[in-house]
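For reference, the chains in residue letters:
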Amino acid sequence: AFYADANQPVAFLERLEAMARATGPTLAIEVAEGGNDARHLGFRLTLEGEEQGLLAYARLLERAPHFVEIREVFYQSIISDAPRLAGKPSARLGIALRARTR
């Protein structure tokens, strides 16, 4: 479980999605152009939600049982159109990462 499977990264992506469900933010995952090589898979994560949920996600990612290299992080406060976030402080967290493969 320490390495993502380069041929079937589904388990790794499902773990990222499960962490988002557990902490509350919405999550979008994209393959990072130029982030892949023979030993790494690159992804860009974009999370949106309440600040506490974003921080909780970042803590879980840090403790995840995978060899992950964080390449870039951005954080911004936003005004969300999502009905579930109306009137609540909302933010966006972007993380570019590379997962080590076998």
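### Some details on the overall build of the protein
Stage number 1. The secondary structure content of the protein amounts to 2 helices and 4 strands.
Stage number 2. Along the protein, helices (α) and strands (β) appear in the sequence α-β-β-α-β-β when read from the amino end.
Stage number 3. For the protein, with 102 residues in total, the buried portion stands at 36%.
Stage number 4. The contacts in the protein between residues at least 6 apart in sequence include a share of 67% that link residues at least 24 apart.
Stage number 5. Summed over all atoms, the accessible surface of the protein reaches about 6,300 Å², with 51% contributed by carbon and sulfur.

### Things to note about the pattern of salt bridges
Stage number 1. The tally for this structure, following the rule as stated, stands at 5 salt bridges.
Stage number 2. Overlapping salt bridges bring together Asp37, Glu69, Arg71 and Arg98 as one network.

Cut-offs applied
Residues numbered from 1 in each chain as written. Predicted model: local features only at pLDDT ≥ 70, side-chain atom pairs only at ≥ 80, totals over all residues. Heavy atoms only, no water. Helix = DSSP H or I, 4+ residues; strand = E, 2+ residues; numbered from the N terminus. Buried < 20%, exposed > 50% of the residue type's maximum accessible area, 1.4 Å probe, protein only. Contact = heavy atoms within 4.5 Å. Areas by Shrake-Rupley, 256 points an atom, 1.4 Å probe, with all protein chains shown as cover. Salt bridge = Lys/Arg side-chain N within 4 Å of Asp/Glu carboxyl O.

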